[in-house]
Amino acid sequence: MWNGTGVVPTDCEETPRRARNRRVNRRLLWETIFVLAISLGQSAWYSILQMIERLTRGIPIHQQTSTLNSSVTPERPWLDLLYQVSDIIFGVAPALLALLLLAQVKPPRTGVRRALGLRRSWGHDVGAGAILALIIGIPGLGFYLAARALGINTTVQASQLQHTWWTVPVLIGLAIMNAVLEETVMVGYLFTRWRQIGWSTTVVIVASAVIRGTYHLYQGWGGFLGNIVMGLFLGWVFSRSRRLLPLIVAHSFLDIVSFVGYAYLAGRVSWL
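Let us look at the structure shown here. Note that the structure is predicted; figures quoted are calculated from it, not measured. (Residues numbered from 1 in each chain as written. Predicted model: local features only at pLDDT ≥ 70, side-chain atom pairs only at ≥ 80, totals over all residues. Heavy atoms only, no water.)

## Topic: the overall build of the chain
Item 1. The secondary structure content of the chain amounts to nine helices and two strands.
Item 2. Each helix and strand of the chain, placed in order from N terminus to C terminus, yields the pattern α-α-β-α-α-α-β-α-α-α-α.
Item 3. With respect to the three principal axes, the spread of C-alpha positions in the chain is 85 × 45 × 35 Å.
Item 4. Expressed as a percentage of the 272 residues in the chain, the buried residues total 44%.
Item 5. Summed over all atoms, the accessible surface of the chain reaches about 14,600 Å², with 66% contributed by carbon and sulfur.
Item 6. Distance between charge centroids for the chain: 8 Å, based on 24 positive and 12 negative side chains. (Helix = DSSP H or I, 4+ residues; strand = E, 2+ residues; numbered from the N terminus. Buried < 20%, exposed > 50% of the residue type's maximum accessible area, 1.4 Å probe, protein only. Areas by Shrake-Rupley, 256 points an atom, 1.4 Å probe, with all protein chains shown as cover. Lys, Arg positive; Asp, Glu negative; His and termini not counted. Charge placed at Lys NZ, Arg CZ, Asp CG, Glu CD.)

## Here's the deal with the pattern of salt bridges
Item 1. For the coordinates displayed, the defined rule picks out seven salt bridges.
Item 2. Notably, a salt bridge pairs R57 with E53, separated by 2.6 Å at the nearest N-O pair.
Item 3. Exposure remark for E53: the relative accessible area of 36% places this residue in the partly exposed category.
Item 4. Taken together, the shared-partner salt bridges connect R27, E31 and R193 into one network. (Salt bridge = Lys/Arg side-chain N within 4 Å of Asp/Glu carboxyl O.)

So, in structure tokens, the structure goes:
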């Protein structure tokens, strides 16, 4: 290409810039690996180990259970409450770290809030999240029941907290924590970083969805496949809307209904 000096640049003259970009991309890739290693990537690894344990237990998967939100010290409710609140606080920390890294290290040109759609339109986003929850939740329940009937999923006990005055607020807090952590890290953070590295949107959506499915593998093959489908759908929605809050709202609604509903319906409804 003519540069106005009479000299045609060679590939060698472009090498420093390309080398610098490669170094930055490697750094960003390692950053995503470490963020996953202290959060949902770690959960994915332990889910793989737990699935291996389930498959080698000698008991069919459909006869096994997966317990969520258990009491730690049921005989001492005040201490159990401190454990649950601590889980909520520390569970949100990786999401906050991911946002901090996005803001401090090669931030998006438009800024983090604009890049993730965390600006204004709160009412619209809540409404969109509620619609997403309905789109995902009803088929998701049917898929879970079908997976159990096919013998490829455990029975998921969504809440094993003792019934006290703080049970419902804690379950709601845990649901929101899960939503903030998963959608911020798996969608907002990873989609931004992996696109900066140069991955295509399709590759980013698929990779994020597979990780999402893997950290639900402890529930069985049904939980694995169902959450991959959910991840593909939410990833596609974010790639089109560039708004993170509807995903967080949808995920919160789904988990609140699951956690609180199970806490009060278990033993009263046969299919639970």
